[in-house]
There are 6 protein chains.
Amino acid sequence: MANQVDPALLVVSAHAGDFVWRAGGAIAAATARGERAKVVCLSYGERGESARAWRDGKSLEEIKDIRRGEAEAAASALGAEIEFFDAGDYPLLPSPELVDRLVHVYRDVNPTVVLTHPLIDPYNADHPAAARMALDARILAQAIGYPAEGEPLGAPPVFFFEPHQPEQCDFKPNVLIDITDVFPQKRKAMESLVAQEHMWTYYTDLARRRGVQVKRNAGPNLGFSTDTMGEAYVRYYPQVAEVLS
Amino acid sequence: MANQVDPALLVVSAHAGDFVWRAGGAIAAATARGERAKVVCLSYGERGESARAWRDGKSLEEIKDIRRGEAEAAASALGAEIEFFDAGDYPLLPSPELVDRLVHVYRDVNPTVVLTHPLIDPYNADHPAAARMALDARILAQAIGYPAEGEPLGAPPVFFFEPHQPEQCDFKPNVLIDITDVFPQKRKAMESLVAQEHMWTYYTDLARRRGVQVKRNAGPNLGFSTDTMGEAYVRYYPQVAEVLS
Amino acid sequence: MANQVDPALLVVSAHAGDFVWRAGGAIAAATARGERAKVVCLSYGERGESARAWRDGKSLEEIKDIRRGEAEAAASALGAEIEFFDAGDYPLLPSPELVDRLVHVYRDVNPTVVLTHPLIDPYNADHPAAARMALDARILAQAIGYPAEGEPLGAPPVFFFEPHQPEQCDFKPNVLIDITDVFPQKRKAMESLVAQEHMWTYYTDLARRRGVQVKRNAGPNLGFSTDTMGEAYVRYYPQVAEVLS
Amino acid sequence: MANQVDPALLVVSAHAGDFVWRAGGAIAAATARGERAKVVCLSYGERGESARAWRDGKSLEEIKDIRRGEAEAAASALGAEIEFFDAGDYPLLPSPELVDRLVHVYRDVNPTVVLTHPLIDPYNADHPAAARMALDARILAQAIGYPAEGEPLGAPPVFFFEPHQPEQCDFKPNVLIDITDVFPQKRKAMESLVAQEHMWTYYTDLARRRGVQVKRNAGPNLGFSTDTMGEAYVRYYPQVAEVLS
Amino acid sequence: MANQVDPALLVVSAHAGDFVWRAGGAIAAATARGERAKVVCLSYGERGESARAWRDGKSLEEIKDIRRGEAEAAASALGAEIEFFDAGDYPLLPSPELVDRLVHVYRDVNPTVVLTHPLIDPYNADHPAAARMALDARILAQAIGYPAEGEPLGAPPVFFFEPHQPEQCDFKPNVLIDITDVFPQKRKAMESLVAQEHMWTYYTDLARRRGVQVKRNAGPNLGFSTDTMGEAYVRYYPQVAEVLS
Amino acid sequence: MANQVDPALLVVSAHAGDFVWRAGGAIAAATARGERAKVVCLSYGERGESARAWRDGKSLEEIKDIRRGEAEAAASALGAEIEFFDAGDYPLLPSPELVDRLVHVYRDVNPTVVLTHPLIDPYNADHPAAARMALDARILAQAIGYPAEGEPLGAPPVFFFEPHQPEQCDFKPNVLIDITDVFPQKRKAMESLVAQEHMWTYYTDLARRRGVQVKRNAGPNLGFSTDTMGEAYVRYYPQVAEVLS
């Protein structure tokens with residue numbers, strides 16, 4: 001049905017830790033299949049998601065360094081490349097310049113799958129801002145007339161990863177993936193974020209909960225074990241399929 | 001990831017023609033892969049979808065016979081089995097007995113994919129009634145305690161096929177399939193419905209239109225030809241996937 | 001653009017008073033234009049909307065008589081015919097028999113416009129039940145194969161009239177009509193419902209409020225006077241228009 | 001602002017276990033405050049939610065007995081009364097008779113708060129059926145003309161408790177309660193359902209997860225401890241409040 | 001359940017009059033309880049909501065002065081502080097600078113309740129712009145790393161007050177408050193807006209209408225008098241409650 | 001009911017071709033009635049909708065010239081005036097300056113009907129950006145205090161024209177118009193866009209499809225011929241009507 005394009009995963013993350021908690025399984029699964037995975041962190045999450053460091057009296061630059069180091073370690077645990085735009089957080093302000101930088105990334109990586117935040121989050125305005133830029137840049141990268149090197153992008157599917165309070169973000173998962181095999185890598189990546197130890201348990205529990213839903217929605221006859229771990233996503237564009245399944 | 005179950009397609013259709021216009025491609029594709037496909041027509045559409053025959057002065061029984069013959073020919077063109085419940089149409093009245101008959105079909109066929117109408121249709125109350133019964137029966141068939149022979153059903157995905165005025169039915173396709181290869185069979189099945197010749201063109205045009213969307217959403221680099229034909233579906237339960245794609 | 005059909009208005013009301021408060025203006029406007037208007041009251045509202053009579057110790061039959069008399073007087077004030085199905089209220093139970101009776105009314109009246117309750121009302125289950133039957137019967141009446149005398153119905157537009165707590169019923173008006181000229185008739189009809197005097201003021205206030213919205217949405221240049229009275233409706237099917245306006 | 005009515009909690013549950021997993025905290029909190037709490041189980045969940053017993057070869061009557069015993073023990077642990085309608089499950093068929101029985105319960109208990117299932121559940125048709133009957137009966141019980149002993153019901157608020165896959169049921173919590181103090185009673189009630197041990201952990205995890213959201217939405221300054229346990233609800237009617245808070 | 005924080009109400013209003021018509025009751029109730037209430041008017045409404053003054057030939061500066069005086073008088077009648085940002089209206093342009101000013105207000109007032117416009121208004125783009133900035137600033141003020149004096153904000157609930165055409169703004173009230181006792185203060189505040197006399201009646205009628213809904217949703221047994229006055233709100237975040245009621 | 005205002009149609013289009021495919025029928029119908037119609041193209045679509053020219057190696061200025069020429073020819077075929085803002089596309093960046101230019105157009109044209117893109121389009125961010133500016137400018141033009149020559153605008157209705165993938169844009173048509181009589185002019189305008197020949201067929205097919213819906217929703221008795229051509233629109237504000245029809 002299709003020409004061959006090398007699979008590549010692009011993850012657009014507002015802050016340095018988001019890609020770990022929310023999409024670590026999908027990233028690890030891609031790299032385990034030998035595929036390229038690249039994470040773009042638009043900011044370090046230095047103001048909004050580094051409460052402990054601020055309470056410890058660190059300076060802004062120190063906090064950025066800490067967060068960068070942690071995120072690099074987490075990306076390494078997942079087998080992914082990582083790039084930081086250092087665009088500032090709280091607020092992460094959308095701009096044509098940031099979108100243009102993302103277009104260049106799209107043209108360079110030529111992703112076959114894109115992951116980012118959902119478009120609604122009443123608890124965090126940076127997340128939707130990142131998602132909006134990721135989507136806008138994807139459209140621009142498709143246009144042959146857009147002034148950036150490389151070939152026009154195809155139409156890679158976009159998946160929104162899970163926010164912290166999914167129901168409040170109108171996050172209704174329509175894709176559940178089994179991440180059991182790569183959960184050790186995700187756990188290791190989570191543990192790279194040393195300041196947020198309470199989150200390790202929280203997101204391990206969540207993986208188990210989504211794993212239960214994997215089993216429920218796949219059916220009891222399909223051999224998922226009782227300790228299936230899962231991640232939940234919302235597919236943004238219609239799926240193009242050869243077979244209904 | 002899963003035990004092996006023989007793939008089988010179950011289609012629950014309110015009237016004798018619905019499965020042809022709306023899902024003929026998916027059915028033909030399944031049988032072309034060597035899979036079992038079974039269509040259940042809850043009614044013949046004898047009152048609500050046989051205007052020409054009524055204008056020609058046919059009796060109710062004659063009309064049912066005509067519709068049955070046409071539907072059998074269409075199913076044959078698609079390589080599918082067909083069963084008629086003869087439950088009456090306009091209105092198709094839901095009942096525990098009809099649902100129970102459907103449970104027995106589920107237990108017998110053990111479908112891995114289910115197709116039916118969407119749950120909303122302001123132009124036709126039989127369509128949502130059929131869908132509701134198809135969904136209720138699927139849930140009952142999953143319960144070990146339900147008194148019907150056979151093994152409890154797994155959790156086969158359900159797809160709603162396309163209604164006549166999709167936007168008015170809140171039908172927002174999230175799966176588009178390429179039916180180019182099997183379109184000749186679908187066309188032949190359509191032509192089995194001899195009284196509705198104006199629909200042949202209409203649904204051929206629609207297949208072309210959905211084909212354009214297949215190409216758009218798959219991306220220009222993926223080698224879909226310019227004459228791709230498509231069908232649109234709404235997946236009702238979350239997709240369980242091994243790979244995001 | 002169209003063949004000529006005599007305009008006729010059909011109103012399907014769950015209880016004896018609903019058509020007055022919610023659609024009295026539209027009914028009076030139709031009859032003022034010389035058009036036929038027919039109201040079907042599925043019940044008298046004898047249990048659910050006759051609190052005062054119950055507190056006064058009336059019997060069920062007495063209450064029905066009172067309600068019938070009031071509703072007849074109101075219909076008379078609006079220039080409309082009225083028919084009572086006496087199907088019981090609280091609950092008004094949907095049934096194939098009631099729907100069939102409505103089909104016969106459709107075939108007899110051949111309405112060009114249909115008014116009924118909205119499909120959602122968390123405060124009153126009879127209202128959605130009435131609306132659902134009105135819609136189902138309209139579809140059945142369109143089918144040439146449905147066994148009822150008369151010609152198959154065309155496709156008359158359906159408008160939902162305003163419920164008591166519109167926001168809670170997801171009632172988002174998309175048609176506002178000016179009832180200033182016929183408001184005296186509506187007021188007279190309201191006053192026929194002698195036991196509900198507090199409602200006269202309430203629905204007069206509402207008419208003024210909707211009148212303000214008529215002016216707002218029509219624009220200040222269009223000469224609506226400051227005492228415009230209005231009614232709000234939700235159009236259920238797409239409008240077919242010759243001119244966008 | 002209001003006359004005094006003795007607080008009483010009414011819980012309408014489709015199956016014998018639902019009230020425990022989903023609302024055990026709210027029930028225990030009510031009885032801990034000295035309030036009356038009554039649970040109505042429309043069925044025992046004998047067919048749809050007793051898989052292990054069926055696999056163990058129990059008869060239908062044996063299964064009902066087991067489920068009744070477990071549910072009574074759970075209600076006892078929560079300090080609640082319990083009544084079984086034995087209306088059958090899978091399917092739980094709505095009927096005017098069942099609704100009428102519920103009206104009598106409303107008139108008897110005169111609840112100031114009502115808990116039931118949400119109106120949407122693609123995995124279980126009994127749950128919405130129970131909710132619909134609970135809501136319909138509440139409206140009927142408000143009508144002075146409804147033939148059941150007792151005073152007309154007021155307007156008790158209704159809360160939907162949490163379904164198994166909340167996002168798929170469009171369950172967007174708008175009330176989060178702190179159940180930390182009564183969690184031991186809820187845990188004990190869960191353990192009364194001896195055949196479903198895997199659920200004890202699942203719903204303990206869920207309580208912790210909802211507890212995190214209690215803390216998040218209440219604010220860090222409000223002194224919730226790190227081991228807050230919570231339950232999530234959807235309020236169906238507008239809240240009437242004296243103070244915005 | 002919580003540490004003690006002094007209650008304080010913050011109201012973010014796009015134009016000088018909005019807080020009076022839409023939230024005057026809640027403000028007066030707060031100050032009547034001895035609580036602090038502060039109103040921020042982002043603009044004077046000098047272009048978009050001062051039609052009479054423009055028709056009278058006033059200059060821009062004169063109009064601003066008039067509006068400021070009226071708003072100060074209204075705030076005084078309600079017992080509230082008021083601050084004007086003079087950011088311009090029609091359009092009110094969102095900017096990082098305005099959001100930053102609001103963050104400083106949040107840190108200074110430390111509100112326990114926030115009131116602002118709903119996020120949708122097809123008739124007025126300034127209203128959603130104000131709401132968006134109020135929400136963004138609230139999130140920023142929560143971050144310890146945000147560079148503004150004062151303690152990080154907790155998680156005060158946000159309520160949207162009622163727009164002029166609620167249904168068109170998807171405004172579905174989920175909180176109704178009784179403002180009967182403080183309605184005289186609200187009326188006095190309305191009368192401070194001397195150029196908009198037709199609005200006094202309009203919003204008095206609205207208060208009566210919402211009062212009817214207070215009674216309906218609280219139940220007839222709760223002793224609301226027939227002249228209850230109300231205001232309607234939409235709660236944006238889930239309510240955190242100790243008791244379901 | 002209303003003062004007389006000369007009818008005038010204003011169309012706000014993101015790119016040079018949009019108004020042809022999506023609204024050519026409505027424009028031709030207006031000018032055929034002798035009404036003024038003016039199209040504003042915010043950009044030429046030079047980057048995002050001129051793939052063939054880019055592949056042919058044209059320069060940016062050449063492409064703009066080509067697109068301008070085509071759009072002028074199309075406007076001429078429809079009898080409409082056309083103005084180009086040359087604001088750039090892919091991305092079309094919203095700005096106060098562009099909105100202000102649109103306000104001046106509104107004040108000059110004094111439209112009685114406005115057409116623009118829908119507010120959602122996951123495939124093209126320029127379309128919602130254009131719609132947002134068109135709507136914002138309409139509101140500003142209504143304010144007597146807005147500094148632009150001419151009289152304040154009334155409240156012209158706004159209609160969204162059809163996007164390329166309507167369901168994905170939540171485009172649920174609520175107005176269908178018959179464009180049969182003016183379809184030759186629309187076809188001629190389409191053919192002015194010489195580089196997009198495949199679109200001529202696509203949008204001719206779409207007109208036929210929407211024509212079928214015109215017939216369906218108008219009813220079979222109304223004399224629409226079998227080759228009715230249609231266009232679909234979404235009305236944004238409530239319709240103000242004298243008669244329900």
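Described below are features of the structure shown in this document. (Residues numbered from 1 in each chain as written. Chains lettered and ligands numbered in written order. Predicted model: local features only at pLDDT ≥ 70, side-chain atom pairs only at ≥ 80, totals over all residues. Heavy atoms only, no water.)

1. Observations concerning the overall build of chain A
Across its full length, chain A holds 7 helices and 8 strands. The C-alpha extent of chain A, read off along each of the three principal axes, is 55 × 50 × 35 Å. When each of the 245 residues of chain A is scored for burial, the buried share is 63%. Summed over all atoms, the accessible surface of chain A reaches about 8,600 Å², with 49% contributed by carbon and sulfur. (Helix = DSSP H or I, 4+ residues; strand = E, 2+ residues; numbered from the N terminus. Buried < 20%, exposed > 50% of the residue type's maximum accessible area, 1.4 Å probe, protein only. Areas by Shrake-Rupley, 256 points an atom, 1.4 Å probe, with all protein chains shown as cover.)

2. What about the interface of chain E and chain C?
Contacts between chain E and chain C engage 21 residues on the former and 21 residues on the latter. Contact between chain E and chain C buries roughly 2,000 Å² in total, counting both sides, with carbon and sulfur atoms accounting for 39%. Connecting chain E to chain C are 8 salt bridges. Between R209 of chain C and E162 of chain E there is a salt bridge; the shortest N-O distance is 3.8 Å. Where chain E packs against chain C, one counts 12 residue pairs in polar contact (both at pLDDT 80 or more). Per-class residue counts for the side of chain E that touches chain C are 7 nonpolar, 5 polar and 9 charged. (Contact = heavy atoms within 4.5 Å. Buried area = accessible area lost by both parts, 1.4 Å probe. Salt bridge = Lys/Arg side-chain N within 4 Å of Asp/Glu carboxyl O. Polar contact = N/O pair within 3.5 Å; in protein donor to acceptor, adjacent residues only side chain to side chain. Nonpolar A, V, L, I, M, F, W, Y, C, P; charged D, E, K, R; others polar.)

3. A short note on the pairing of strand β7 (residues 230-235) of chain C
All names here are of chain C. Within β7, 6 of the 6 residues are buried, which leaves it mostly tucked inside the rest of the structure. The pairing of strand β5 (residues 158-160) with β7 spans 2 bridges and is classified as antiparallel. Bridge pairing links F159 to R235 in β7. In this structure, strand β6 (residues 175-178) lies alongside β7, joined through 4 bridges in antiparallel fashion. Across the sheet, residue L176 finds its bridge partner in β7, namely A232. (Pairing = 2+ DSSP bridges.)

4. Focus: the relation of the copies chain A and chain B
Once chain A is rotated about the relating axis by 180 degrees and shifted along it by 0.0 Å, it coincides with chain B to within an RMSD of 0.0 Å. Put plainly, the chains are arranged around a two-fold axis. Of every C-alpha in chain A, the one belonging to N174 of chain A sits nearest the axis of rotation, 4.8 Å from it. Most of the interface of chain A is mirrored in chain B, where 100% of its interface residues again form contacts. (Least-squares fit on C-alpha atoms with pLDDT ≥ 70 in both.)

5. Considering the pattern of salt bridges
Applying the stated criterion across every chain, the model contains 102 salt bridges over all chains. E61 of chain B is paired through a salt bridge with K64 of chain B; the nearest N and O atoms lie 3.8 Å apart. Here K64 of chain B and E61 of chain B lie together in helix α3 (residues 60-78), a separation of 3 residues that amounts to about one turn. A relative accessible area of 48% places E61 of chain B in the partly exposed class. Measuring nitrogen to oxygen at the nearest pair gives 3.0 Å for the salt bridge that ties D86 of chain B to K64 of chain B. Residue D86 of chain B is found in the loop between β3 (81-84) and α4 (96-109), and its partner K64 of chain B is found in helix α3; the two are separated by 22 residues along the sequence. Relative accessible area serves as the criterion here: at 12%, K64 of chain B is assigned to the buried category. Because the salt bridges share partners, they merge into one network encompassing E162 and R210 of chain A together with E167 and R209 of chain D.

6. As for the packing of helix α6 (residues 183-192) of chain B against helix α7 (residues 197-218) of chain B
All names here are of chain B. Orientation of α6 relative to α7, taken along the N-to-C sense of each, is 155 degrees, at an axis distance of 10 Å. The orientation of α6 with respect to α7, classified from their angle, is roughly antiparallel. Two packed elements cross with a definite hand, and for α6 against α7 that hand is right-handed. Together, F183, R187, M190 and E191 of α6 and W200, T201, Y203, T204 and A207 of α7 make up the contact between the two elements. Here the residues of the contact of α6 with α7 are counted per class, giving 5 nonpolar, 2 polar and 2 charged. (Axes fitted to C-alpha atoms, helices over the stretch in contact; angles between N-to-C directions. Parallel < 35°, antiparallel > 145°, perpendicular 65-115°, else oblique. Left-handed = near helix turned anticlockwise from the far one by under 90°.)

7. Observations regarding the interface of chain A and chain B
Listed per partner, the contact involves 41 residues of chain A and 41 residues of chain B. For the pairing of chain A and chain B, the buried interface totals around 3,400 Å² over both sides, and the portion due to carbon and sulfur atoms is 59%. On the surface where chain A and chain B come into contact, there are 0 salt bridges. When residues of the side of chain A that touches chain B are traced back to their parent elements, those giving at least two are β4 (113-116), β6 (175-178), α7 (197-218), β7 (230-235) and β8 (239-241) of chain A. Here the residues of the side of chain A that touches chain B sort into 27 nonpolar, 9 polar and 5 charged. As paired elements, β6 of chain A and strand β8 (residues 239-241) of chain B share 3 bridges and run parallel to each other. Residue pairing in the sheet places L176 of chain A in a bridge with V240 of chain B of β8 of chain B.

8. A short note on the sheet that holds strand β7 (residues 230-235) of chain E
Spatial strand order, β8(D)-β6(E)-β7(E)-β5(E)-β4(E)-β1(E)-β2(E)-β3(E): 8 strands in an open sheet with mixed pairing. Looking at which strands have only one partner, the edges of the open sheet turn out to be β8 (239-241) of chain D together with β3 (81-84) of chain E. Within this sheet the neighbouring strands show an average axis-to-axis angle of 25 degrees, counted without direction. Here strand β4 (residues 113-116) of chain E runs beside strand β5 (residues 158-160) of chain E; their pairing, made up of 3 bridges, is parallel. Across the sheet, residue L115 of chain E finds its bridge partner in β5 of chain E, namely F159 of chain E. Together, β1 (8-13), β2 (36-41), β3 and β4 of chain E form the strand contacts of helix α4 (residues 96-109) of chain E, whose direction differs from that of β2 of chain E by roughly 175 degrees.

9. Some words on the side chain of R209 of chain A
Inspection of the secondary structure assignment puts R209 of chain A in helix α7. Within the structure, the side chain of R209 of chain A is placed 3.1 Å from the side chain of Y202 of chain D, a separation counted as a polar contact. Once residues lying within four places of it in the same chain are set aside, the contact partners of R209 of chain A are E162, H164, P166, Y202, L206 and R209 of chain D.

10. As for the arrangement of the chains
At the C-alpha level, the nearest point of chain A lies 18 Å from chain C, with no contact between them. Taking C-alpha atoms only, the smallest gap left between chain D and chain F, which are not in contact, amounts to 18 Å.

11. A closer look at the packing of aromatic side chains
For the structure on display, the rule yields 42 aromatic pairs over all chains. Relative to Y203 of chain C, the ring of Y202 of chain C lies with its centre 5.2 Å away and its plane at 70 degrees, an arrangement referred to as edge-to-face. No difference in accessibility class separates Y202 of chain C from Y203 of chain C, as the two residues are buried. Members of the aromatic cluster, connected to one another through ring pairs, are Y123 of chain A together with F160, Y236 and Y237 of chain E. Residue placement shows R101 of chain B over the ring face of F85 of chain B; its charged tip is 3.9 Å from the ring centre. (Phe/Tyr/Trp six-rings, centres within 6.5 Å; stacked < 30°, edge-to-face > 60°. Lys NZ or Arg CZ within 6 Å of the ring centre and 35° of its normal.)

12. Side note on the sheet that holds strand β6 (residues 175-178) of chain F
Here 8 strands make up an open sheet; going across it, the order is β8(C)-β6(F)-β7(F)-β5(F)-β4(F)-β1(F)-β2(F)-β3(F) and the pairing mixed. Sheet topology places β8 (239-241) of chain C together with β3 (81-84) of chain F at the edges, where each strand pairs with a single neighbour. With direction set aside, neighbouring strand axes in the sheet form an average angle of 25 degrees. As paired strands, strand β1 (residues 8-13) of chain F and strand β4 (residues 113-116) of chain F are joined by 3 bridges and run parallel to one another. Opposite L9 of chain F, over in β4 of chain F, you have V113 of chain F as the bridge partner. The sheet contacts of helix α1 (residues 18-32) of chain F involve β1, β2 (36-41), β3, β4, β5 (158-161), β6 and β7 (230-235) of chain F, and relative to β7 of chain F the element is tilted by about 95 degrees. Running over the sheet, helix α7 (residues 197-218) of chain F touches β8 of chain C together with β6 and β7 of chain F and is turned about 70 degrees from β7 of chain F.

13. Focus on the environment of E49 of chain A
Residues and elements named next belong to chain A. As for its position among the elements, E49 is in the loop between β2 (36-41) and α2 (51-55). Looking at E49, the relative accessible area reads 22%, which means it is partly exposed. Spatially, the C-alpha atom of E49 lies 12 Å from that of P91, the residues being 42 residues apart in sequence. In this structure E49 touches H15, D18, R67, D89, N124, H127 and Q196, once residues within four positions along its chain are discounted. Among the polar contacts made by the side chain of E49, one reaches the side chain of N124 at a distance of 3.2 Å.

No statement about biological role is implied by the geometric values presented.
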